[in-house]
Structures are given as C-alpha cells and as structure tokens.
Amino acid sequence: MRAAKYIWQWRSIAKQAFTQTSIVAKFLCLLHVTNNYLCSSTLVYGPSMLPTLNISGDVLLVEHISHRLGKLGPGDVVLVRSPVDPRKIVTKRIVGMEGDRITFLLDPSSNDSCNIIVVPKGHVWIQGDNMYASSDSRHFGPVPYGLIQGKVFMRVWPPHSFGSLEQ
Amino acid sequence: MGSGNILWSLAKNYFTVGLIGLTISDRYASVVPVRGTSMSPTFNPQTSTFWGSSIDDCVLVEKFCLEKYKFSHGDVVVFSSPSNHKERLIKRIIGLPGDWIGTPHSHDVVKVPEGHCWVEGDNSLSSMDSKSFGPIPLGLINGRVTHIVWPPQRIGEVETRMPQGRFSSF
C-alpha cells in the first residue's frame, strides 16, 4: 500500500519534471529558429566601418530573411563569415554583386595603383566604409554569397543613434 | 467549435515538431540524400541497385564540427557551392590551410590560403571540385558526413581516408 503510494508520487513528480523540461526545450528551439531565420541582435566593434558604426561597439539588429531570398544589393551592410578565419564574423558593406566591374585602390594612402576586377558568379565584393583600416575584398578577393549571414537593418545601441541604418 | 479546436491543436503540434526538427538539423545532425556519382565508390556506387533502378544513398551529417571548424585530411564534408549558394556539394577534404596541393594533370602546385581548404570528389573523372573552382573558405562548410543510413545493405561508417598517390603536405 505504502509502496504503491510512493510509486504514484514518484510518477507524478517525473511527469511534472518532463513537462517543465519540454517547455524549456521548446522555448530554446523557438529561440534558435528566431535567431537563425528571422532576426537577431549582435554586438560589433572595430574601426573598419567608421563613420557608419562606432569604434567602441554598437548593438545591431540583423535580419536573416533577405539573404536567403537573394534580395541583397549594393549598399547593404551585411554580416559575413570571414573567409580568412571561419570562427570570426565581420561586418562590411556590399559594393558589387556578381558580374559587376569593380575599380579599387590596392593601397589607399598612395593614389596610383588602381585595379579593376569583375566579380565572378555567385560572389559579392565587400568593403569596409573606412578604407584605411579595413581588411576586406581588397585583400582576400570576392567572397562567396554563401558566407553571408544576415543583413543589418537597425541600430539599437547607443541610444542617441537609435534607428534605421538604411540611407 | 470542436473541429476548430482539433485543427488548432494539430497546427500547434506541427509547428512544435517543425521547430524542434529545424533546431536539431541545424545544430546537431541531419540526414541528406546524395545525388550524382562524383563521390563514387564511397557513395552511390553503380552496384547498389534496388529492383532494377539504382537508388541514392542517404547520409548522416553531424554539425558539431562547426563550433571549432576543426577538420582533418580525408573528412567528407557538405558545403554550399561557391558559385551558387543554393547548391550543396559533398566532397572530401584533401588539403587544409598551409598545404601545397599538386593537381595530377597539370604541373603547378597551389598553396591553400589561410581559412580555406581543398576539396575533391572520390571519382576524379566526373567531379566538380577544387580542381575547377579552387580552394573554398571553411565557412562554407555545413557539416561532416559520418555514416551512410540508407539503403539498408549499405549502412555503415564513412571512413576518413586519403586517396592513393596524393601528397598532402611537406
């Protein structure tokens, strides 16, 4: 009699624990899908996107829809998985899409060595806004479209520059 | 009212299952079919026929390797094609950053740059790989193939091996 009561008690506790765990698991799954397929926030810092983004760190909202639909164009600020180090994600601006002819300076401090390149199929040309302190397509060439992780559309921090990034 | 309730709970269940499935396939493991003969005889050898028609192999792809991006020579990986981001390719890693790769048909030797890798199909006759598009960034890799899960007579592990007669690093 007593044993049966214990078993019943234990079962109800286990049932409750299972329900709670599955609620947490579902919530984590929802979080993952939202972060990967809809929109996420990210902290970026560094000098390469001056004057658009601050050197000390901005919090940006990133949407993950338009790069899956192929709706990116020149001028969009995107997050790209760095081709040099796959663990790093960099923020750059798209300058040219596939088939575009790009003219760029190899060394911006001296104004003579000019290069022209045609962006190959399936690639994009990305550059930082601060051409003096940015490691971008001028160094590692055009990057495959598949490396693009999302498009930045809004800045939420610092509060005085809150708002849309699109001009 | 009753049928509306049933529909609502059905939709909720589908939504939950979709969410969980998507998360697992993104973070842990997924199963994908292999098309084409570029990785023959590892996948899709012509001998595996089933009632007259050959069927495609299905493979298990694990995603844990994406946390550190650590790969070794001979790993079979899934990556999105550098020329078309919607296309997924399955190839074997031949060279990692810093390796010198020589192609069998031409005499030039290419150095694999930092953060890139050199991929080739096992069937060198019909394979679209680094011999045509060069080294690919490691960031394009989607996962590592560990097992064949279908058809039943071919279930088994995919071994990590280097093709014969290739020099990888010196």
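These notes cover the structure that comes with them. Values in this document were obtained by computation on a predicted structure and should not be read as measured data. (Residues numbered from 1 in each chain as written. Chains lettered and ligands numbered in written order. Predicted model: local features only at pLDDT ≥ 70, side-chain atom pairs only at ≥ 80, totals over all residues. Heavy atoms only, no water.)

All right, on to the overall build of chain B then. If you tally the helices and strands in chain B, you get 2 helices and 12 strands. Helices (α) and strands (β) of chain B occur, in sequence order from the N terminus, as α-β-β-β-β-β-β-β-β-β-α-β-β-β. Within chain B, the fraction of its 170 residues that count as buried is 42%. Accessible surface for chain B amounts to roughly 9500 Å². Of this, 59% is attributable to carbon and sulfur atoms. (Helix = DSSP H or I, 4+ residues; strand = E, 2+ residues; numbered from the N terminus. Buried < 20%, exposed > 50% of the residue type's maximum accessible area, 1.4 Å probe, protein only. Areas by Shrake-Rupley, 256 points an atom, 1.4 Å probe, with all protein chains shown as cover.)

A few words now on the interface of chain B and chain A. For an interface, size is often stated in terms of accessible area lost upon the parts coming together. Of the residues lining the interface, 24 residues belong to chain B; the matching set on chain A comes to 21 residues. Carbon and sulfur atoms supply 68% of the area that chain B and chain A bury against each other, a total of about 1800 Å² over both sides. For chain B, the biggest contributors to the area lost against chain A are Leu19(B), Tyr69(B) and His85(B); these three give 25% of the whole. On the surface where chain B and chain A come into contact, there are 0 salt bridges. Per-element tally for the side of chain B that touches chain A: the top contributor is helix H1 (residues 2-27) of chain B, with 8 residues. Looking at the side of chain B that touches chain A residue by residue, the classes come out as 9 nonpolar, 9 polar and 6 charged. (Contact = heavy atoms within 4.5 Å. Buried area = accessible area lost by both parts, 1.4 Å probe. Salt bridge = Lys/Arg side-chain N within 4 Å of Asp/Glu carboxyl O. Nonpolar A, V, L, I, M, F, W, Y, C, P; charged D, E, K, R; others polar.)

These figures capture arrangement, not role.
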